[in-house]
Amino acid sequence: MTSEFEAQLRRVPLRVTRPRLAVLAALHEHPHSDTETVIALVRAQHPLVSHQTVYDVLRALTDAGLVRRIQPAGAVARYESRVGDNHHHLVCRTCGVIADVDCAVGDAPCLTASDDHGFTVDEAEVVYWGSCPACAAERPSQ
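Reference entry: report on the structure contained in this document. Since the model is a prediction, treat every value here as computed from it, not as a measurement. (Residues numbered from 1 in each chain as written. Predicted model: local features only at pLDDT ≥ 70, side-chain atom pairs only at ≥ 80, totals over all residues. Heavy atoms only, no water.)

### Things to note about helix H2 (residues 18-29)
- Relative to the 16 Å expected for twelve residues at 1.5 Å per residue, H2 spans 16 Å between its end C-alpha atoms, a close match to the ideal helical length.
- Inspection of H2 places Arg20, Leu21, Ala22, Val23, Leu24, Ala26 and Leu27 among the buried residues, and these make up the whole buried set.
- On its buried face, H2 sits against helix H1 (2-11), strand E1 (33-34), helix H3 (35-45), helix H4 (51-63) and strand E3 (78-80).
- One side-chain oxygen of the residue at the start of H2 lies 3.3 Å from the amide nitrogen of Arg20, identifying that residue as Thr17. (Helix = DSSP H or I, 4+ residues; strand = E, 2+ residues; numbered from the N terminus. Expected span 1.5 Å × (residues − 1). Buried < 20%, exposed > 50% of the residue type's maximum accessible area, 1.4 Å probe, protein only. Contact = heavy atoms within 4.5 Å. Polar contact = N/O pair within 3.5 Å; in protein donor to acceptor, adjacent residues only side chain to side chain.)

What follows is the structure, given as structure tokens:
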């Protein structure tokens, strides 16, 4: 997997560094992680990596398009390595777990706005809110 991450960095082009590889690996294994989780995951493998380095890497990877930053209303920013496919998210109102969901019809029908007001639309963000199966099971029937 490391060679794939190295190739991704070279394509954008960013220098291949251990912190960048570690952040990409962390997000590949733990999508929708917040910054503190990414820091903990990276530091588990590379204890000397600073908080600031992880923040800088997340910004660089996001700017380069290798990582997507999402921030559902009322939540901290989360990061994922699934980019470029215009997928959407399910968010549990109770526990905050996030799951990916593909467009319901076709590749990206939501990119065709009913009125684009002259904008060139290149991304749409759809967030579905509800209860994950675990939280729904804990809730009394209504």
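Having seen the structure, we can now continue with the description.
### Structural notes on the side chain of His89
- Checked against the element boundaries, His89 lands in strand E4 (residues 88-92).
- A distance of 3.0 Å separates the side chain of His89 from the side chain of Glu80, its partner in a polar contact.
- Among residues more than four places away in sequence, those in contact with His89 are His32, Arg68, Ile70, Glu80, Ile98, Ala99, Asp100, Val101, Val126, Val127 and Tyr128.

### Details of the state of the cysteines
- Taken as a whole and assessed by the stated rule, the structure comprises zero disulfides.
- Lacking any disulfide linkage, Cys132 is separated from the closest cysteine sulfur, that of Cys135, by 3.6 Å.
- On the basis of relative accessibility, which here comes to 14%, the residue Cys132 falls in the buried class.
- Its relative accessible area of 12% is what places Cys135 among the buried residues. (Disulfide = S-S within 2.5 Å.)

### Description of the sheet that holds strand E2 (residues 68-70)
- An order of E1-E3-E2 is seen for the three strands of this open sheet, with the pairing classed as antiparallel. The sheet terminates laterally at E1 and E2, the two strands that pair on one side only.
- When E1 meets E3, the two strands line up antiparallel, connected through two bridges. Residue pairing in the sheet places Ser33 in a bridge with Tyr79 of E3. (Pairing = 2+ DSSP bridges.)

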